[in-house]
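Fold and contact review
The residues making up each chain are set out below.
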Amino acid sequence: QVRLVESGGGLVQPGGSLRLSCAASGSIFRINNMGWYRQAPGKERDLVAIISSGGGTGYANSVKDRFSISRDNAKNTVYLQMNSLKPEDTAVYYCYARVVTTPGISGMDHWGKGTLVTVSS
C-alpha cells in the first residue's frame, strides 16, 4: 500500500511564496513521475508541474517562471516552490506519483488528499 501526504499549504498574500511538500511511503520499489495538480472551486483538476525520476520537468504555462518543482529520490519526496503567487493560484493542490511496487510490473498512479492554498489580501 502506498500513501502520499502533502504539507505546506495555507493563506498567503498576493506576491508571496509557499513551498509544498509531498512524501510517499509504503511498499515502494521505485517512483517514476511525480507531480502536482490543482483544482479550483468549480473547475477541473489540472496539471501544474511534473518531474521525472531523472529530473526532467514540465510546467503549465500559467505557472512557468513562477513555480519550481524538485524531488529528493532518497526521501521519496516531491516539492513545489511557488513564488509571485496570484489570487488565481487559489486551489486545492494534489500530489501525484506513479509508483512501482513490484519489479517488472508497471507502476500505478497514486494521489494525496490535497492541501489548500489560498492567495488573498
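Residues numbered from 1 in each chain as written. Predicted model: local features only at pLDDT ≥ 70, side-chain atom pairs only at ≥ 80, totals over all residues. Heavy atoms only, no water.

**Quick look at the pairing of strand β11 (residues 115-119)**
Alternating residues of β11 divide into Thr115, Val117 and Val119, all buried, and Leu116 and Thr118, none buried. Inspection of the sheet shows strand β2 (residues 10-12) paired to β11 by three bridges, in the parallel sense. Bridge pairing in β11 links leucine 11 to threonine 118. Pairing geometry for strand β9 (residues 91-100) and β11, over three bridges, is antiparallel. Among the inter-strand pairings, alanine 91 is bridged to a residue of β11, identified as valine 117. (Buried < 20%, exposed > 50% of the residue type's maximum accessible area, 1.4 Å probe, protein only. Helix = DSSP H or I, 4+ residues; strand = E, 2+ residues; numbered from the N terminus. Pairing = 2+ DSSP bridges.)

**Thoughts on the state of the cysteines**
For the coordinates displayed, the defined rule picks out one disulfide. Disulfide pairing is shown between cysteine 22 and cysteine 95; the S-S distance is 2.0 Å. Because the sign of the S-S torsion sets the handedness, a value of about -80° for the bond joining cysteine 22 and cysteine 95 places this disulfide among the left-handed ones. Note that cysteine 22 is positioned in strand β3 (residues 18-26) and cysteine 95 in strand β9, a separation of 73 residues in sequence. (Disulfide = S-S within 2.5 Å.)

**Examining the sheet that holds strand β7 (residues 67-72)**
Working definition: the strands of a sheet are paired by backbone hydrogen bonds and lie parallel or antiparallel to each other. Pairing within the open sheet is antiparallel, and its four strands lie in the order β1-β3-β8-β7. In the strand order of this sheet, the two ends are held by β1 (2-7) and β7, each with one partner. Sheet twist, expressed as the average angle between the axes of neighbouring strands with direction ignored, equals 15°. Relative to strand β8 (residues 77-82), β7 runs antiparallel, the two being bridged by six bridges. (Axes fitted to C-alpha atoms, helices over the stretch in contact; angles between N-to-C directions.)

**Considerations on the pattern of salt bridges**
Evaluation of the coordinates by the stated rule reveals three salt bridges. Residues aspartate 89 and arginine 38 are paired through a salt bridge, measuring 2.9 Å at the closest nitrogen-oxygen approach. Of the two residues, aspartate 89 sits in the loop between β8 and β9 while arginine 38 sits in strand β4 (residues 30-39), which places them 51 residues apart along the sequence. Note on accessibility: aspartate 89 and arginine 38 belong to one class, buried. Notably, a salt bridge pairs aspartate 109 with arginine 98, separated by 2.7 Å at the nearest N-O pair. With aspartate 109 in strand β10 (residues 108-111) and arginine 98 in strand β9, this residue pair connects regions lying eleven residues apart in the sequence. Bridged by salt links that share partners, the residues Arg38, Arg66 and Asp89 form one connected network. (Salt bridge = Lys/Arg side-chain N within 4 Å of Asp/Glu carboxyl O.)

**Describing the nonpolar core**
Nonpolar side chains tend to gather and get buried jointly when the protein is soluble and globular. Core analysis: the largest hydrophobic core is formed by 28 residues, its most contacted members being Trp36, Val48, Phe67, Val78, Leu80, Met82 and Tyr93. Of all the elements in the fold, those that place two or more residues in this core are β1, β3, β4, β5 (46-51), β7, β8, β9 and β11. In terms of residues, this core owes the most to one element, β9, which gives five residues. Setting aside its immediate chain neighbours within four residues, valine 48 contacts Trp36, Tyr37, Arg38, Gly58, Tyr59, Ala60, Val63, Phe67, Leu80 and Tyr93. (Core = buried A, V, L, I, M, F, W, Y, C linked by side-chain atoms within 4.5 Å. Contact = heavy atoms within 4.5 Å.)

Any functional reading would require information that these geometric values do not contain.
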